[in-house]
Amino acid sequence: MAARVLVGVKRVIDYAVKVRVKPDNTGVVTDGVKHSMNPFCEIAVEEAVKLKEKQLVKEVVAVSCGPQQVQETIRTALAMGADRGIHVEVSGKDYDALGPLQVSKIMAALAKKEEANLIILGKQAIDDDCNQTGQMTAALLDWPQGTFASEVVLEGDKLKVVREVDGGLETVKLDMPAVVTADLRLNTPRYATLPNIMKAKKKKISVVKPGDLGVDVASRLEVLRVEEPPQRKAGVKVETVEDLVSKLKEGGRI
Amino acid sequence: QSTLVVAEHDNDKLTPITLNAITAAKKLGGEVTCLVAGTNCAKVAEELTKVQGVKKVLVAQHDAYKGLLPEELTPLVLASQQQFKFTHICAGASAFGKNLLPRIAAKLDVAPVSDIIEVKSPDTFVRTVYAGNALSTVKCNESVKVFTVRGTSFEAAPLEGGSAAKEEAPPSAAVGVSQWLEQNLSKSDRPELTSAKVVVSGGRGLKSGENFKLLYDLADKMNAAVGASRAAVDAGFVPNDLQVGQTGKIVAPELYIAVGISGAIQHLAGMKDSKTIVAINKDPEAPIFQVADYGLVADLFKAVPEMTALLSK
């Protein structure tokens, strides 16, 4: 039985918000903008909670790195059914520069400290679109990785993972401990119910600093400039299918 | 300065995105080396020696490379890196490259750069963030630059004109913590989604998986690939490997026909570099019309069969 699962939860600008680039081109506007848990992290939490409900794991620990506000994201995970939270406090300039490599080092250090034998993360965050943290956490721990998972089955000390690959699906069998990253079809995350939200308020969130874990958060990536992409001009409306087909033929597209 | 491109293939053929990655590698300047690992990949290695701009092809054949597992390929790439001291390591930003490259980067203790769309200089790259809502220019101050390449942003390197030397890759021991069991690929005679010249995509407006037949019929008239929005995948109409968008595939065909797709930013992220975009939607307010070259406000259940019939003439 997997004793303990770590789940990473990232606080990102809500997926429905229209993101705006700052006029000084240093980043995007985050102040006063609605934030939520990264959707793929929700799927990761759901999967971990399901494993616990099936009594295949003992404890689910939700981890988030960032300023004070990430505790709200951890609370959401707790309301979904995670047992306790760890807030890794990173703020100011360090937070601005915090990237997947640093987060992976934090996750790997926590996995050792907490004696976790499974880590579930979202495959990608919808802010930086990096798709790296799971793979790098696995590398740092020398654990196998089941990325872009659409099905996860615990079989004794092995983990069978069905993965979403470019042409369809692929199945791999991993030794435990392992890292899994969640793709879209792994599950449908539950909504936190009011009683569970109330219960989550009593669950414990411990606060640590990267330095406590022996992690240096310095980054060697430098964002020089963030800008708006070129806009595509709207074209014309056509009235009929015939019209459409003849326009496409004229343009040599068909 | 020198770049290693990790080749993606199925032992039989090179995956096209590798050729786009080679072009990105060439833009950096310096020598380009390709690494081919597999169980029986001599043919692919041969193919690579002829690709324009490739100087050297490293070949590694071993049963451990079955399924190209990242746990097994990482030590091989690291051993190659150790021997040849590459300044850059890259691969296509496909499921394969996205799975492997970050693992290599972490082992080198360097931060990788995902899914680049432009090479500004050997250490500066452009990539999209927030589903393509912003472009970020990133300077990488790592000793080794590790990155993946968006296929649609770089031309494919020509498959002829090169004469690379073949060499055996340095040996690396099997790791054995993971096992590749099987592959279940969607069978289709249609062109592959990311390299098709024409793509017909369906969204929630299709209402069911069965109704996608309308799109398949239309696609077959145009030798097109079929894609879908995340909404259609979420609704269970089609499998995820059809998904076009921020967290699915990025496509940039000559012609993209969006059918019953509203045009959420997450979808636009995957297709807005298409040369010509057509939108068919009954809602005249759908945001997809803001990026479409030709918009048809119509009931797709009438318009699509009509279009198929017109093209059959």
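Identification of chain A as Electron transfer flavoprotein subunit beta from Paramormyrops kingsleyae is taken from an unreviewed UniProt entry. In UniProt, chain A has this text filed under Sequence similarities (unreviewed entry): "Belongs to the ETF beta-subunit/FixA family." Heading Subcellular location (unreviewed entry) of the UniProt record for chain A holds this comment: "Mitochondrion matrix".

Participant: Help me understand the nonpolar core, please; the structure alone is not making it clear to me.
Facilitator: A general tendency of soluble globular proteins is for nonpolar side chains to be buried together. Counting residues in each nonpolar core, the largest one holds 75 residues, and the members touching the most others are Leu159(A), Leu244(A), Val200(B), Phe212(B), Ile257(B), Ile280(B) and Met307(B). At eight residues, the largest contribution of residues to this core is made by helix H1 (residues 39-53) of chain A. Ignoring anything within four residues of it in the chain, the contact list for Ile257(B) reads Val199(B), Val200(B), Ser201(B), Met222(B), Val278(B), Ile280(B) and Met307(B). Counting 31 residues, the second largest nonpolar core, distinct from the first, contains Ala7(B), Ala25(B), Val54(B) and Val149(B).

Participant: Where do I start with the interface of chain A and chain B in this structure?
Facilitator: Much of the literature gives interface size as the accessible area that the parts lose upon coming together. Contacts between the two partners involve 74 residues from chain A, matched on the other side by 85 residues from chain B. Where chain A abuts chain B, roughly 6800 Å² becomes buried across the two surfaces, and 54% of that area is made up of carbon and sulfur atoms. Scanning the region where chain A abuts chain B turns up five salt bridges. A salt bridge links Lys107(B) to Asp142(A); its shortest N-O distance comes to 2.8 Å. Seen at the junction of chain A and chain B, the total is 50 residue pairs in polar contact (both at pLDDT 80 or more). Of all elements in the fold, only helix H4 (100-113), helix H5 (133-141), strand E7 (145-155), strand E8 (158-165), strand E9 (168-175), strand E12 (221-227), strand E13 (236-238) and helix H7 (241-250) of chain A reach the threshold of two or more residues within the side of chain A that touches chain B. Of all the elements, E9(A) adds the most residues to the side of chain A that touches chain B, at eight residues. Class assignment for the residues of the side of chain A that touches chain B results in 35 nonpolar, eleven polar and 28 charged. Pairing of E9(A) with strand E10 (residues 178-185) of chain B involves seven bridges; the strand directions are antiparallel. By the bridge assignment for E10(B), Gly168(A) is matched with Leu185(B).

Participant: Where do I start with the pattern of salt bridges in this structure?
Facilitator: Two side chains with opposite charge may pair up if their charged atoms get near one another. The tally for this structure, following the rule as stated, stands at 30 salt bridges over all chains. Linked through salt bridges whose partners overlap, the residues forming this network are Arg4(A), Glu59(A), Arg84(A) and Glu114(A).

Participant: Any chance you could explain the side chain of Ser172(B) here in plain terms?
Facilitator: Of note, Ser172(B) is situated in the loop between strand E9 (165-168) and E10. Aside from chain neighbours lying at most four places away, what touches Ser172(B) is Tyr65(B), Pro75(B) and Leu76(B).

Participant: Honestly, the sheet that holds strand E13 (residues 255-259) of chain B in this entry has me stumped. Any pointers?
Facilitator: Two strands in a sheet stick together by hydrogen bonds in their backbones, pointing the same way (parallel) or opposite ways (antiparallel). Strands sit in the order E13(A)-E15(B)-E14(B)-E13(B)-E11(B)-E12(B) across an open sheet of six strands; the sheet is parallel. Single-partner strands in this sheet number two, and they are E13 of chain A together with strand E12 (225-228) of chain B. Neighbour-to-neighbour, the strand axes of the sheet open up by a mean angle of 20°, direction not taken into account. Direction of pairing for strand E14 (residues 276-281) of chain B relative to strand E15 (residues 294-297) of chain B: parallel, over a ladder of four bridges. Looking at the pairing, Ile280(B) lines up with Leu296(B) of E15(B). Contacts from H7(A) reach E13 of chain A together with E13, E14 and E15 of chain B within the one sheet, and its direction differs from that of E15(B) by about 165°.

Parameters at a glance
Residues numbered from 1 in each chain as written. Chains lettered and ligands numbered in written order. Predicted model: local features only at pLDDT ≥ 70, side-chain atom pairs only at ≥ 80, totals over all residues. Heavy atoms only, no water. UniProt positions renumbered as here; feature names shortened; annotations may be inferred. Core = buried A, V, L, I, M, F, W, Y, C linked by side-chain atoms within 4.5 Å. Buried < 20%, exposed > 50% of the residue type's maximum accessible area, 1.4 Å probe, protein only. Helix = DSSP H or I, 4+ residues; strand = E, 2+ residues; numbered from the N terminus. Contact = heavy atoms within 4.5 Å. Buried area = accessible area lost by both parts, 1.4 Å probe. Salt bridge = Lys/Arg side-chain N within 4 Å of Asp/Glu carboxyl O. Polar contact = N/O pair within 3.5 Å; in protein donor to acceptor, adjacent residues only side chain to side chain. Nonpolar A, V, L, I, M, F, W, Y, C, P; charged D, E, K, R; others polar. Pairing = 2+ DSSP bridges. Axes fitted to C-alpha atoms, helices over the stretch in contact; angles between N-to-C directions.

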